[in-house]
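Each chain, letter by letter, is given below.
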Amino acid sequence: MDIKKIVDNQREFYLTGVTKNIQYRKNALKNIKNWIKQNETEILSALKLDLNKDAVESYMCEIGLTLSELNHQLKHMSSYTKKKYVYTPISQFYGTSFEYYEPYGVTLIMSPWNYPFMLSIEPAIGAIAAGNCVIIKPSAYAPHISHVIFKMINETCDSRHVYVIEGGREENIQLLEQRFDYIFFTGSVNVGRQVMEKASRYLTPITLELGGKSPCIVDDEKSLKLAAKRIAFGKFLNAGQTCVAPDYLLIRKELKDEFIIYMKAIIKDFFGDCPLENTQLVKIINKKHFERLKHLLENQNIICGGKSDETTLKIEPTLVNDVDDDNVLMKEEIFGPILPILTYNHIEEAIAFINQHEKPLALYIFSAKKSIQNQILQSCSFGGGCINDTIIHLATSHLGFGGVGNSGMGAYHGKKSFETFSHTKSIVKKARWIDLPLRYYPYNQIKDKLIRFFVK
């Protein structure tokens, strides 16, 4: 595969201006949408093979969200492309000022394995809607869905417009040697640093959707059972292999014992007495990550779950009690079905604990008190989150999704996706029938007074 030639072909095609035509973009998105609806079973089967995802979970978390983003862009992209007129200062009389979006050009989207369909196609939708050419590089860890994505794009798009490159590390290395106009990466912090380093050679702008240790604070004795249910959903969905899953629990000390009772009961309701035998339990993506998670559980105070099956790569939803900051579970993002439980006495302690660590991608607050909610929101820096729920903030095209600091940079979904893959061009259009002499040489006291009057 000649990756350089693929990139060159896309750049040549972009320069024809075809992708700047709104109807061309819409047709590409409609083709993708129709293919998804007609081949839903094939997508579901691939997700089952790669991650053992149940069909309902796959539709809810991958296909449905992708279709929602497609519908949003098809509905709104025409308005997004229109000129936006802004105020023109009197010092620029007579003129009009406006902004409009232009595509960057040839873009690269590198996606992860945990939500391999959605996290490949959702950013690509934004890039196409904004008028770019797109190269998609799915993760080699999810080979079945990677091939489905290749097939879908091959059957719906001109390869000079959108292209899918399958493969592993070698293909990633070759891609990052090319010059792109924008790079969108979703994955780990360590690989994100490498992508950013490679992009810096050409000063290529990038979006990094990373992760980190997203905290979940429980400070609400009134709805403890509901909190446990919603936390269990967010934590154990996709076997915890979700970048915005609650990574650890910070709970007020006197609430912990009751919360654990509820959480154990809910895990049983969700997955039964023998979770490893539950056909809806998602597997760990591969042996490497399975062994990593098993190692994290060594010598821990496991109060629920903890069992695993090497043949199926499944790990039970697991609660670990009496965890502190020195525990190995607190040294890296868990990215699996393991929930460490930490306690605090006063909310200021929880806030201080969070602020001593890197800024997380998400933060969740369970509290009925607005004062507590506002205190946390104003004191902690994080990408996004929920009050009295988990992870659902990413399931809408009307909210931007992205990280901050160590958890990433940039945002997407809905209009944010369109903006991410666009350059905002600012223009002042001046009239020719008048030309104020103030700015021109030679300067004098009268011009000085007038300039000071108008420019301030």
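(A) Spatial organisation of the layout of surface pockets. By volume, the largest pocket amounts to about 1,600 Å³. Along the walls of the largest pocket sit 49 residues, with Gly187, Ser188, Val189, Asn190 and Val191 positioned nearest its centre. Looking at the lining of the largest pocket, the elements with two or more residues in it are helix H7 (169-176), strand E6 (182-186), helix H8 (189-200), helix H11 (287-296) and helix H12 (347-355). Per element, the largest residue contribution to the lining of the largest pocket is 6 residues, and it comes from H8. Class assignment of the residues belonging to the lining of the largest pocket gives a composition of 21 nonpolar, 16 polar and 12 charged.

(B) Region of interest: empty space enclosed by the protein. By the definition in use, this model includes 2 cavities of 30 Å³ or more. Empty space within the largest cavity amounts to approximately 60 Å³. Together, Leu65, Ser68, Glu69, Glu122, Leu394, Ala395, Thr396, Ser397 and His413 line the largest cavity. When residues of the lining of the largest cavity are assigned to their parent elements, the largest contribution, 3 residues, is made by helix H4 (residues 55-80). A breakdown of the residues in the lining of the largest cavity according to their chemical character gives 3 nonpolar, 4 polar and 2 charged. Forming the boundary of the second largest cavity are Gly212, Ser214, Lys235, Gly240, Thr242, Cys243, Ala245, Pro246, Asp247, Glu333 and Phe335. Of the residues in the lining of the second largest cavity, the class split is 4 nonpolar, 4 polar and 3 charged.

Parameters and conventions
- Residues numbered from 1 in each chain as written.
- Predicted model: local features only at pLDDT ≥ 70, side-chain atom pairs only at ≥ 80, totals over all residues.
- Heavy atoms only, no water.
- 1 Å grid on protein atoms, 1.4 Å probe; cavity = no way out; pocket = protein on both sides within 12 Å on 5 of 7 lines; lining within 4 Å.
- Points joined across faces, edges and corners; volume = space filled by probe spheres on them.
- Helix = DSSP H or I, 4+ residues; strand = E, 2+ residues; numbered from the N terminus.
- Nonpolar A, V, L, I, M, F, W, Y, C, P; charged D, E, K, R; others polar.

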